[in-house]
Amino acid sequence: MQSLKNKKIAILTDNGFEEVELTKPKKALEDEGAKVDIVSLQKGKVKAWDTDHWSIELPVDVNLLEADADDYDALMIPGGVINPDQMRRRSEYVSFARGFLENEKPVAAICHGPQLLIETGLLKGRQMTSFPSIKTDLQNAGAYWFDKEVVHENKLVTSRSPEDIPSFNREMIDEFSKDDTGIKTAKENELEKTV
């Protein structure tokens with residue numbers, strides 16, 4: 001059974017994402033039937049980082065300047081040291097991520113990915129984890145930080161590192177598969193736009 005059939009998920013990234021933190025969650029989401037778009041300000045392709053060197057390039061499905069958070073049911077943010085730091089400095093990335101949090105749509109972020117969420121100003125009181133080096137940043141943003149492989153709280157799923165990907169994927173799929181009454185699905189929003 002595909003628990004994410006009819007769900008549309010955005011993976012928000014720039015160059016320098018940790019390869020496995022995008023490719024493995026993306027495959028897990030697609031295996032569950034989700035339509036997954038890589039959304040980025042980069043034109044054409046985004047380049048991965050693999051531990052200590054540049055690696056594969058992946059196609060960008062939707063340019064961020066043409067993307068609308070209303071078109072998606074959930075958001076996934078991969079980590080990597082370079083990627084989140086690039087994104088947190090650009091208002092377009094911050095606004096896109098903020099749209100999910102403000103509209104109480106599910107968000108999953110791994111490793112350094114939560115750095116982008118800090119910039120939204122919407123983490124006060126949230127329970128989270130991350131790569132340990134950004135623990136203080138998250139606490140300063142008002143989040144409660146836990147050293148656990150995955151923290152799943154109120155539509156937000158976070159994990160610490162690539163080692164946590166199996167738990168991260170499981171909790172992310174669990175959260176993304178929930179149907180929330182009162183929140184329009186991306187499919188419903190699309191239908192409204194065509195009317």
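Our structure's up above, just so we're on the same page.
Rules used throughout
- Throughout, residues of each chain are indexed from 1 in the direction in which the sequence is written.
- Predicted model: local features are reported for residues with pLDDT of at least 70 only, side-chain atom pairs are reported and counted for 80 or more only, and whole-chain, interface and lining totals are derived from all residues.
- In computing side-chain values, all of the structure's heavy atoms are included and hydrogens and water are not.
- Note on terminology: a nonpolar core comprises buried Ala, Val, Leu, Ile, Met, Phe, Trp, Tyr and Cys residues joined through side-chain atoms within 4.5 Å.
- Relative accessibility decides the category of a residue: with a 1.4 Å probe and only protein chains considered, values under 20% of the type maximum give buried, values over 50% give exposed, and everything between is partly exposed.
- To qualify as a helix, a DSSP run of H or I must reach at least 4 residues; to qualify as a strand, a run of E must reach at least 2; elements of each kind are numbered from the N terminus.
- By definition, residues are in contact when any of their heavy atoms lie within 4.5 Å.
- At least two bridges found by DSSP between two strands is the condition for calling them paired.
- Angles run from 0 to 180 degrees between N-to-C directions of axes, and those axes are lines fitted to C-alpha atoms, restricted for helices to the stretch in contact.

Draft legend 1. The arrangement of the nonpolar core in detail. One finds Leu12, Leu75, Phe96 and Leu117 to be the most contacted residues of the largest nonpolar core, which totals 30 residues. Going through the elements one at a time, β1 (8–12), β7 (74–77), α3 (91–102), β8 (107–110) and α4 (114–118) are the ones with two or more residues in this core. Considering every element that reaches this core, the biggest residue donor is α3, with 6 residues. When sequence neighbours within four positions are dropped, the list of residues in contact with Leu117 reads Ile77, Ala97, Leu101, Val107, Ala109, Leu123, Met128 and Leu156.

Draft legend 2. Inspection of the sheet that holds strand β11 (residues 150–153) at higher detail. The strand order across the open sheet formed by 7 strands is β6-β3-β1-β7-β8-β12-β11, and the pairing between neighbours is mixed. With one partner strand each, in any of the chains shown, β6 (62–63) and β11 form the two edges of the open sheet. With 3 bridges joining them, β1 and β7 adopt parallel strand pairing. Paired with Ile11 across the two strands is Met76, which belongs to β7. Against the sheet, helix α1 (residues 19–31) contacts β1, β3 (35–40), β7 and β8, and its axis sits at roughly 150° relative to β3.

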